Structures are given as structure tokens and as C-alpha cells.
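# Structure assessment
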Amino acid sequence: MTSMRKASLLVLVLAAAVSGCASTALPPVAVPVPTRPVNYLAEVKPILDKRCTVCHSCYNSPCQLKLDSFEGADRGATKKAIYNASRLSSMDPTRLFTDAQTTKEWRKKDFFSVTDSTVSNGLNDSIMIQLLSHKMKNPKSEGEYRPETEELTCAEDRKELGRYLKKHPNRGMPYGFPPLKQDEFEIIAGWLVQGAKGPTAEQQRELTAPKHVDARAIGQWEAFLNRDGAKHAMTARYLYEHLFLAHIKFGTPTNEYYELVRSKTPPGTAIDLIATVRPYDDPGIERVYYRFRKIHSTIVQKTHMVFDFDDAQLRRFQELFIEPEWLQPPHPVGYEPKLSANPFAAFEQIPPRSRYQFLLDNAHYTIMTFIHGPVCKGQIALNVIDDHFWVLFLDPDHDLSVRYPGFLKLHVEKLRMPIEKGSDMRIFSALTDEHRKAEVEFYEVRQDYYMTHNYSGLDYKAIWKGNRAEDAPLLTIYRHFDSASVHKGALGNVPKTLWVMDYPLLERIYYALVAGFDVYGTAGHQLAVRLYMDGLRIEGESYYLDFLPQSMRREVMQSWYKGVDLKDINYYPSLMPAGTAFTTDDPKREFVERIVNKHLLPATAIKFDPVNYLRAGESYPDLPKVYAKPADYVQAFRSIAGPGTAFFRLINDSNANLAYVRVRRSSGKDEAFTIVVNRWHDNVNFLIGEDARLDPSKDGADFIQGMIGSYPNFFVDVREEDLPDFIDLLARFDKSEKDLARLAKYGINQADERFWDVYDWFQKRFQEDEPVHGGLLDLIRYYHVAR
């Protein structure tokens, strides 16, 4: 490091001048050659993680440049965009570690290097160093930065990059944020000039081999999943199709995660990966082996879905799938596309009670796969849901599809989904899709079936209350415009909408939006899934309304779909009466309070949000006159959480929905909390024209202890003594120059020179608060205006 520091003045010197037709080509950068090898794992990767991977990971990584592992950096970038709303034919998948295994294979898939240099001897002209060096020389960020919506050049040579930076001189890397510190730049530059080498062979073996996990635990699970016999084989297939996105943890206290994959080779041998687009696609061989592959890339929050594989889980799988008698003699089932895309047909031999209880045991994970999976980006799926709602589940003993499996078999054709058409559906086919008609037919026959079996209606006891402390019988879902998060418990006040899910609904949501969704598919495929989800949402809302008095169901549904004729959304309320005798004029609140206060299993520890929830008879309080005790601050947050608060009404950009706040205390540990803005939608029934259905006068906010979500839009850093002023600013904000100056005092703009220190604090605190479920926070959706 000393030698690199001594030569730091040379780092930004341009090695050659260019002229004429090549004038746009960037000259190489002179880099002091380190006197020792720069260690990728110890020195380079930590910098890339905290300054580059924060935007370059997962499917929405600009130019598909993933920097969460050496393999991603070595693979490089491509001009092919994964999220493409106008794609007319599906593209070949480009999943790192799956769809190609060598750099040569990636080059054949049109990926180009960002680390290779055409010069040496202290010079480097790689794309990475050009972008980093340019930012060092042009550190100021100004204007708007929207890396997911802007047309990025994804330059693959110095000439193209030169033209781009000449046109956009403030778009070096990190994009829109402050440049690297000098010593950070020198480490990356030294690594690049030494050839951008990755881990040694020994280090690579350590990365991919079990370190903290007992190999016997992995062996035990692989033995269970690969045991001979149709019963074990179909159980393993069902589990794999639901867990292929999971970050599996083998019950150890250390954070070492694995993914469940299909292999051509048995346990005890090297994995020979079976790479298919979907987990239920034909593997192409007669015998499939289920194996565990260690995840050695950086854990990022937006895809981190932890699933525990411990001894208790193994016993539970035995209880659910192996010990019960099946509906049919266990037998293998093929992979014919229409069959395998319909879990109600493919797994009809497994008792629905076993399948549903598995989903209920893992309700938080199951819903999270929809929220964190590849479907969850902007208009593809998330504008199909409201900004804040709660989800409850029908108890298996009251779910007629569980009690009478013949009902599912009788209507299995109505449970077909558009995913059976594969990835190449055309737009016209999506708009005239037969599966939406079948979905409506199932919804109506289901409603009628429940009426014939529940003449007196369903009361609150029909809601699943949970069986174990770790169960999540009530979930809160927040939409943060183009991302979302799911949480155990009742966060926020009573939301506008609530859902109740039964087994057919929960399974279809999972298969349509997760297992069967192809992020590489056509616009038609993605549109068909989006439109199908409209019907599933209406089912969930309708099943909740069936618990309320019959006379108010249509009125409440209409309030959720302002400006929409309920006939156009095929709303079909059940003729069942309410099974609960309500005693107030607010049955919606009365029902949920009875569920939370008296019905849910106490061991689940689900209670109402102590800050944001208003009980019956309560209203939003005034701001306190003095701030002398903790209750005063709670009162203040409650006061500004309600609809119409000035700041949330006026700052209503789609890029301003999730803020992390640090409160610097004069003594003790600093506090961290999240401001979640809930945008009011008159309805969420249409794919386009969302802005016209927003009503900022009804926007509100929830104040949540700790940090939630994966994509913070803004950071706030406020001292304890300034908190009353910050709260007053939110309450009375008027966009005046004075208020904007006050906001700048507390808010951290992406161009602020303090930015990286603030980000590092939040990231460190997040990992401390969530050592297992936390990952690297993503900055690609940070508030876009740099000033």
C-alpha cells in the first residue's frame, strides 16, 4: 500500500494523447504497479461490495454486470437487457453459475470484459478503470440518475465509452454517487494492472466447500431427497419446485448458505448441473439427483430468502409427506409441459393437506419469493398490489379443497395458468388469454361451493391461527413502488385492503409469479402473468370480505376499486352470511382486532404495531407541545403518519417511498428506523396509467423500528436534539427555500460527500440487527436527483 500511495499523484495521468478520428477514444490510464500481489478476496472484493455491488447484482444490474463475485466481474457486461417490456421473443437465460460456466462460454453469449486491458507496463485501459478514473477526475454528480430506466450505453470498447463520457461527463462510476477514496481506487487500479486475477485454486476450493456446516448434515438431507421410491421422489420434486430460490441454512449459527439444485450426478460426486428455465421443466434425463451447492457470492438483501434445513425441519417433512397415506399409490409423474405447469395435476397424489400445511409452515418464505423473486420489478407485477395490506390464511380444517380433495380434481382444468404456454406468448394471446376465463370460472364455482357447505357462514375461527412460535399467520406487505417487502405481524394501521388466502390461491400465486415466471420471456408472457394476477388479487380480497356482513361487501369492494364497474373485474361475492356477530359499525377493524387479540396463537407473538396502529375510537393526535419523554415522540410520529401530512403529500415521487433514519443519541446506542410511505391508489386494476389513479391527499406513512426493505430511497441523519425540528419539517413542509435547506441539513443527497460514510453506517447496523436475514442493501433506486 505504501508504494501505491507514494505514486498516487500519477494515478490519474493520461498515458497518451489521441487525435483525428480516434479523438473520442479514451487513452489508457497510468497506474503505479504495486510491489506486491493485490489480493482479490481480502482487498478488492470488500471495496467492490460496498461501492459497486450495491448497484450491480441480480437481474436488474445495469448491463448485466454482476460484481457480487469474481465470476461475475470476470464475465463482464452485455448490451442485452433482461427487463425489456417490448421483447417479442424470449431471450436465452444468462444466470450466473447456471447458464455458462467459463469465460469463453460467456463470450459466446455476447458478454464482454470490463477488466481486460490491451496495454500493460503500468498502463491500463480496461472499461472498469476508465469509468472509475473518470469519476475521480469528475467527482461532482448533478442532474438525474435513473440507471434502471435510462438508456445505458453499456460501452464495450474505449471509443464507445469515450463518446458516452463526452456526452455525459458526470457519469463515471460509482454512478451518481461520490467517487472512491484515493486508497480504494489505488487498490482496484493495482488489481487491474496486475491482470485482475481472482481467487487462487486453493481459495476457490475453500469458497465452494462447506466450512462451518457439518458435511454430515448435507449428506443427511441429500440422502432424504434422493431416497429410492416414488413417494420420496415426488416429495423431493415438490420441495425442490418450492425451494429452488431459497438460501438454505443448515441450522448452524454461522451465515453459510446453499441452494438446492438438480444434478445429473448422485451425492458424493461433483455436481453436474441440470440448467432449465423453470424448476418444473423436463430435466432431460430419467433420474434426477437433488444436491446442495454452496453460495459464495455476496449475499444481497433483495434476493436473500432464508430457509432452515435442520433436524426439526426434516422431521416435519417426514410428518407432512412421508408418513401420511397418499390419495393414490405413489408413482412418478412425467414432465409434459401442461402437466408440470399445473401443480394441482402434477402432485394430485399428495394429500392437499400436506401441501397446504407446508405452505402455511413457510408462509413468510412463500410470499417472499413473489416479493423478492425476479417477477417483482415495477410494472411487471408490483403495480398489481396496493402499497400496504395484510394477509391472513384460511385454516386447513375450513379449507374445502383440503377437506374434499375431489373438488380440486373435479376443477383441475380451471386451475391451469398461463405459465403452461411457456415463455413465448404473444401480446394478442395474452390479451385474449383463456386462463383468465378459467380463473373466473374457478372463483365462482369455489364461492358457490363454500355457500353449500357453510350455510351459517365462516367466523373468525376459520382463520389459521398458527401452530408454532415461528409461524406467521398474519403478514404485512408493503409496496415501495418498484420493490416490496413482507413482514411477520400487523405493521401499520388497518390497511385499505386485506386478503385471505386458501390453498388453491396460495399455490397459484406461487406457481404463476415464481416457479412459472420467466424473466427472460416475451412481453406477452409477462403481460399474461400480470393480468392473471389481477384475478388472484380479487380472489384474496373477496375471500376476506366473505367474513364481513353480507350487506357491506359490495360497498367495501367498490371503495377499493374507485372508478371501476365491479362487473368488469368479475367480483363474485359469496352468498354466505357472516359467521361472526359484529357489535360495532366498523366490522373491518373489529374483525382484525378479534383475530389479533383473541385468536392467533399467543406464541407467534403477533401484536398490533405500537406506533402506527390506531385502535377503535382513536384518531391521529396533534403534535406534542414539548418533547420530554419517549411517549412524546411516539405521539409525534402518530400525528404525522396520517393521510395528508405535508411532506408525504408534496414529495410524492415514485422514487421517494422508503427512507432510513439514524437518530444520533447523546448517550447510548444510536437509533435506526424506517419511514415507509404508503401511496393511495383509487384502484390497482390497470397495467398503465397508474399516476392518474394516485391520490396524494390520502398518502400516509408508517414509522417502523429498524430497517425494512431492500432498496432505500433516502437516508436521514439527525441528532436527538434536532428530532423535534425534523418532525415539524415533515408536518409543515411547503417546498420553500427555507424548508429545502432544512431538509438538506438532515437528508443525505446521493451527491453529498458524506454519502458513503452514512451508507456504511446503515449497512453495518442492518447486519447487526439482522445477522441471518440481512444482506447488502441496494442503491440502484436511491432518490434520483443529485445536487
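What you are looking at is a predicted structure, and each value in this text was computed from that prediction instead of being measured. (Residues numbered from 1 in each chain as written. Predicted model: local features only at pLDDT ≥ 70, side-chain atom pairs only at ≥ 80, totals over all residues. Heavy atoms only, no water.)

### Details of the overall build of the protein chain
Stated formally: Strands are runs of DSSP state E lasting at least 2 residues, helices are runs of H or I lasting at least 4, and numbering of each runs from the N terminus. It is over C-alpha atoms that the radius of gyration is taken, and the globule rule equals 2.2 Å times the number of residues to the power 0.38. Note on exposure labels: buried denotes an accessible area under 20% of the residue type's maximum, exposed denotes more than 50%, and partly exposed covers the range between, all computed with a 1.4 Å probe on protein chains only. Only heavy atoms matter for contacts: two residues are in contact if any of them lie within 4.5 Å across the pair.
For the protein chain, the count of helices and strands is 28 helices and 17 strands. Against the 2.2 N^0.38 benchmark of 28 Å for 787 residues, the protein chain shows a C-alpha radius of gyration of 27 Å, consistent with a compact globule. Taking the principal axes of its C-alpha atoms as reference, the protein chain extends roughly 85 × 70 × 50 Å. Counting across all 787 residues of the protein chain, residues that qualify as buried make up 60%. Restricting the contact set of the protein chain to residue pairs at least 6 apart, pairs at least 24 apart contribute 76%.

### Some details on the environment of Ala223
Among the structural elements, Ala223 can be located in helix H9 (residues 215-225). A relative accessible area of 40% places Ala223 in the partly exposed class. In this structure the C-alpha to C-alpha distance between Ala223 and Arg291, which are 68 residues apart in sequence, comes to 9.6 Å.

### Points about the state of the cysteines
Definition in use: Counting rule for disulfides: a pair of cysteine sulfur atoms within 2.5 Å.
In the structure shown here, the tally under the stated rule is one disulfide. One disulfide bridge connects Cys63 with Cys154, the sulfur atoms lying 2.1 Å from each other. Since a negative S-S torsion denotes a left-handed disulfide, the Cys63-Cys154 link at about -90 degrees is left-handed. A residue pair is termed long-range when its members are at least 10 positions apart, and Cys63 in the loop between helix H2 (40-53) and helix H3 (70-75) and Cys154 in the loop between strand E3 (143-144) and helix H6 (158-167) qualify at 91 residues. Free of any disulfide, Cys52 has its nearest cysteine sulfur in Cys55, 8.9 Å distant.

### Details of the pairing of strand E8 (residues 388-393)
For E8, the tally of buried residues reaches six of six residues, placing the bulk of the element in the interior. Going residue by residue along E8, you find His388, Trp390 and Leu392 tucked away on one face and Phe389, Val391 and Phe393 tucked away on the opposite face as well.

### Let's talk about the packing of helix H5 (residues 127-137) against H6
Convention followed: Each axis is a line fitted through C-alpha atoms, taken for helices only over the stretch in contact, and angles between the N-to-C directions span 0 to 180 degrees. Any angle that is under 35 degrees is reported as roughly parallel, and any over 145 degrees as roughly antiparallel; angles of 65 to 115 degrees are reported as roughly perpendicular and all others as oblique. Here a crossing is taken to be left-handed if its near helix is turned anticlockwise relative to the far helix by less than a right angle, and right-handed if that turn runs clockwise. Lys, Arg, Asp and Glu make up the charged group, whereas Ala, Val, Leu, Ile, Met, Phe, Trp, Tyr, Cys and Pro make up the nonpolar group; the residues left over, Gly among them, are polar.
At a minimum axis distance of 11 Å, the contact between H5 and H6 shows a crossing angle of 20 degrees. In this view, H5 runs roughly parallel relative to H6, as classed from their interaxial angle. The element H5 and its partner H6 pack so that their crossing is right-handed. Of the residues in H6, those touching H5 at Ile127, Gln130, Leu131 and His134 are Arg158, Leu161 and Leu165. Per-class residue counts for the contact of H5 with H6 are four nonpolar, two polar and one charged.

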